Amino acid sequence: MSTLKLMNRFSLLSILLLLAGCAKRETPVEIGNREQILHLGNLSEPKDLDPHIITGLSAYNVIAALHEGLVAEAPNTSSLRPAPGVAESWSVSKDRTVYTFTLRPDAKWSNGDPVTANDFIFSYKRMLSPALGSPYAYMLYILKNGRVYNHGELVDFSSVGVKAINVHTLELTLETPIPSFLSRLNHWSWFPVHPATILKHGLIDEMGTPWTRPENHVGNGAFTLESWRQNQAIVVEKNPQYWDADKVKLNEIHFYPIGDHMIEERSFRAGQLHVTGTVPVERVQYYKTRNPGLLHLDPYLRSYYYLLNINKPPLNDLRIRKALAMAIDREVLADFVTKSGEEPAYTFTPPHIGTYAPEKRFSTNIETARQLMVDAGFPNGEDFPKLTLLFHTSDLHTRIAEVIQQMWKDNLGIRIELENVEWKVYQARRENRDYDIARAEWVADYIDPSSFLDVWLTGGGNNHAGWSSPAYDQLIHEASLTADETKRMELFKQAETTLIDDQPIIPLLFLPSKSLVQPSVKGWNPSILDHHPYKYIYLEAQ
């Protein structure tokens, strides 16, 4: 063979090898489309996966796959009508205080045990146990005697409005008619837990036991917990024991705790994620103009605000709290900082909740804010003590904090330091009130003003301001006992006026739901609660 032919043959071989090496590898999204494996950005590492303990949305996103309550959500979550879950049907008494649920005989736990009425009784007793200290125990106060049992004023749980008529019939008795009761049952605080698994790893009211580890977990949802690699991924797999398994098309869901929003967006572009948990501010306009079909900006019941440590000077002075609130230009935040359809907030409760319309009690007013500082003894910010604003790692929180820091400096002459910490540290410090000022947000658990206003009840598990007002508590209590919707809304309005006038919080913005969604994801519908029932989601190769 001639040298020229040999060289040509080697050249052809080299080209073929090079082309083979350059062949496009399948991305996780492409593989997932084929194998029905959904890859989701989940923003942060869940603190726990115990439905009776968690408060964060990153944990709920996983728990929604692992547990199911008496009711569930319909495929089109814009519909507010609850769909049957573990309960296949229910009836209501004439006075609308007694609900009787018929449980599915084929509802099973992931280990094959049947789901029974007594499992729900065990679960609600656990939620209300004073020793457990569930931050959402107040969600069950609508049960007859639920509040007094949780406060330790009643020790006999059989006096609480929960009763098993038989193995598959559960009766719940309320303190008063609650129009949104069925919708509330879809909150994780009402999800059942497997009694034998809880007791195998600790006491009924013991927090932090290992029952939620993959090797121990037993749930009743459409998926089971396959693995949990801290700060890497949580993987859930389709549950063959689930009563409606035939409708579940996804085989797996992978949840990634990607706190850096720019990294998450790059992961989406690289085909590593089907859906992101948010969208970086810098990239919203790009997608609006270049690829709007991928960008989802939807109405959402989500309030963004700052907590004030009202027990720490000088924040124990109402004049200082009001000055801080009035010195912030929320229109600037919405139009030039976040730029994604956010609305300026002057109340805690967002719009779009039926007929409820809270009163605007303050506005941006630099002159009044400066005068309040003078009255409090800090003209032009002179001798104002060092205060720190606490938030967790996020480009959005950083941008907002930096702009507000500058507004307080320019408008009041005070210097507030910024402290950026990772999610778990932030959670612990907020819950322990180890802060001066802290970023916070609240998302509706159900569509009713009480989902927001119950937060600020004295001693509430999510009242991280430590604020207390007997007048506020009384108004919320009266609203909970009122069937007249007009009167009920008026009581809520009076309660919110009390809250805002005392200013333990600074409302800032009402946020939309923001995400990037691959075209292959089907059944991911807009939802004012940002809920997306996984059993109705599937993937289609593009």
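Details of the structure are given in the entry above.
First, a word on scope: everything that follows refers to the structure included in this document. (Residues numbered from 1 in each chain as written. Predicted model: local features only at pLDDT ≥ 70, side-chain atom pairs only at ≥ 80, totals over all residues. Heavy atoms only, no water.)

Bringing the environment of His194 into the picture now. Mapping His194 onto the fold places it in the loop between α6 (181-184) and α7 (195-200). A sequence separation of 18 residues divides His194 from Thr212, and the C-alpha atoms of the two residues are 11 Å apart. For His194, the contacting residues outside a window of four places in its chain are Trp109, Asn111, Asp113 and Val218. Within the local environment of His194, its side chain forms a polar contact with the side chain of Asp113, the two groups lying 2.9 Å apart. (Helix = DSSP H or I, 4+ residues; strand = E, 2+ residues; numbered from the N terminus. Contact = heavy atoms within 4.5 Å. Polar contact = N/O pair within 3.5 Å; in protein donor to acceptor, adjacent residues only side chain to side chain.)

It is worth spelling out empty space enclosed by the protein at this point. Taken as a whole and assessed by the stated rule, the structure comprises one cavity of 30 Å³ or more. One number sums up the size of the largest cavity: a volume of about 30 Å³. Forming the walls of the largest cavity are Asn42, Ser44, Glu45, Pro46, Ala233, Ile234, Phe255, Tyr256 and Pro257. Counting residues per element, the ones that place at least two in the lining of the largest cavity are β9 (233-238) and β10 (252-256). A per-class count over the lining of the largest cavity returns six nonpolar, two polar and one charged. (1 Å grid on protein atoms, 1.4 Å probe; cavity = no way out; pocket = protein on both sides within 12 Å on 5 of 7 lines; lining within 4 Å. Points joined across faces, edges and corners; volume = space filled by probe spheres on them. Nonpolar A, V, L, I, M, F, W, Y, C, P; charged D, E, K, R; others polar.)

Note: strands within a sheet are paired through backbone hydrogen bonds, in either parallel or antiparallel orientation. The four strands are arranged β4-β5-β7-β6 in an open sheet whose pairing can be described as antiparallel. Looking along the sheet, the strands with just one partner apiece sit at the ends: β4 (87-92) and β6 (162-166). Taking each pair of neighbouring strands and ignoring which way they run, the sheet shows an average axis angle of 25°. Across four bridges, the pairing between β6 and strand β7 (residues 169-173) is antiparallel. Note that in β7 the partner of Val162 across the bridge is Leu172. (Pairing = 2+ DSSP bridges. Axes fitted to C-alpha atoms, helices over the stretch in contact; angles between N-to-C directions.)

Across the two faces of strand β5 (residues 98-103) the burial differs, with Tyr99, Phe101 and Leu103 buried and Val98, Thr100 and Thr102 not buried at all. With five bridges joining them, β4 and β5 adopt antiparallel strand pairing. Residue pairing in the sheet places Trp90 in a bridge with Phe101 of β5. Between the antiparallel neighbours β4 and β5 lie five residues, among them Arg96 with a positive phi of about 60°. Two strands pair when backbone bridges link them, and β5 and β7 are joined in this way by five bridges, in the antiparallel orientation. (Buried < 20%, exposed > 50% of the residue type's maximum accessible area, 1.4 Å probe, protein only.)

For the rest of this paragraph, the subject is the side chain of Glu264. Mapped onto the elements of the fold, Glu264 is located in helix α8 (residues 261-269). Although Glu264 is buried, it makes no salt bridge; Lys514 carries the closest opposite charge, 9.7 Å away. Setting aside anything within four residues of it in sequence, one finds Glu264 in contact with Gly41, Asn42, Leu43, Ile258, Leu273, Thr276, Gly277 and Thr278. (Lys, Arg positive; Asp, Glu negative; His and termini not counted. Salt bridge = Lys/Arg side-chain N within 4 Å of Asp/Glu carboxyl O.)

Attention now moves to the sheet that holds β10. Read across the sheet, four strands follow the order β1-β10-β9-β8 without closing on themselves; strand pairing throughout is mixed. Every interior strand has two partners, whereas the edge strands, β1 (37-41) and β8 (223-229), have only one. Each strand of the sheet is rotated relative to its neighbour by a mean of 20°, with strand direction disregarded. Pairing of β8 with β9 involves six bridges; the strand directions are antiparallel. Looking across to β9, one finds that Ser227 is bridged to Val235.

Going from Pro313 to Pro314, the amide bond is cis rather than trans, its omega being 0°. Secondary-structure assignment places Pro314 in the loop between β12 (302-308) and α10 (318-326). Within the chain, Gln36 stands out as a residue other than glycine whose phi angle is a positive 60°. Structurally, Gln36 is set in the loop between α2 (28-35) and β1. What makes Gln36 buried here is its relative accessible area of 14%. At Asn380, a position not held by glycine, the phi torsion is positive, near 55°. Within the element layout of this structure, Asn380 appears in the loop between α12 (366-375) and β14 (387-392). Residue Asn380 is classed as exposed on the basis of its relative accessible area of 64%.

Before going further, it helps to examine the pairing of strand β16 (residues 437-443). With respect to burial, β16 is a largely interior element, seven of its seven residues being buried. Side chains of β16 alternate between two faces, with Ile437, Arg439, Glu441 and Val443 and Ala438, Ala440 and Trp442 buried alike. Relative to β16, β12 runs antiparallel, the two sharing seven bridges. Looking at the pairing, Arg302 lines up with Val443 of β16.

Looking now at the packing of aromatic side chains. One pass over the full model with this rule turns up 24 aromatic pairs. On the numbers, 5.5 Å between centres and 50° between planes, the contact of Tyr242 with Trp243 is tilted. On the basis of relative accessible area, Tyr242 is assigned to the buried category, the value being 4%. A ring pair is formed by Tyr305 and Phe348, whose centres lie 5.1 Å apart and whose planes are at 85°; its orientation type is edge-to-face. Here the residue Tyr305 occupies a position in strand β12, and Phe348 occupies one in the loop between β13 (343-344) and α12, the gap between them amounting to 43 residues. Judged by its relative accessible area of 4%, Tyr305 is buried. Look at Phe348 and you get buried, because its relative accessible area is 0%. An aromatic cluster is defined as three or more aromatic residues linked by ring pairs; in this entry it consists of Trp90, Tyr99, Phe101, Phe120, Tyr124, Phe181 and Trp190. Residue placement shows Lys249 over the ring face of Tyr538; its charged tip is 4.2 Å from the ring centre. Across the ring face of Tyr346, the terminal group of Lys360 is positioned such that the distance to the ring centre comes to 4.1 Å. (Phe/Tyr/Trp six-rings, centres within 6.5 Å; stacked < 30°, edge-to-face > 60°. Lys NZ or Arg CZ within 6 Å of the ring centre and 35° of its normal.)

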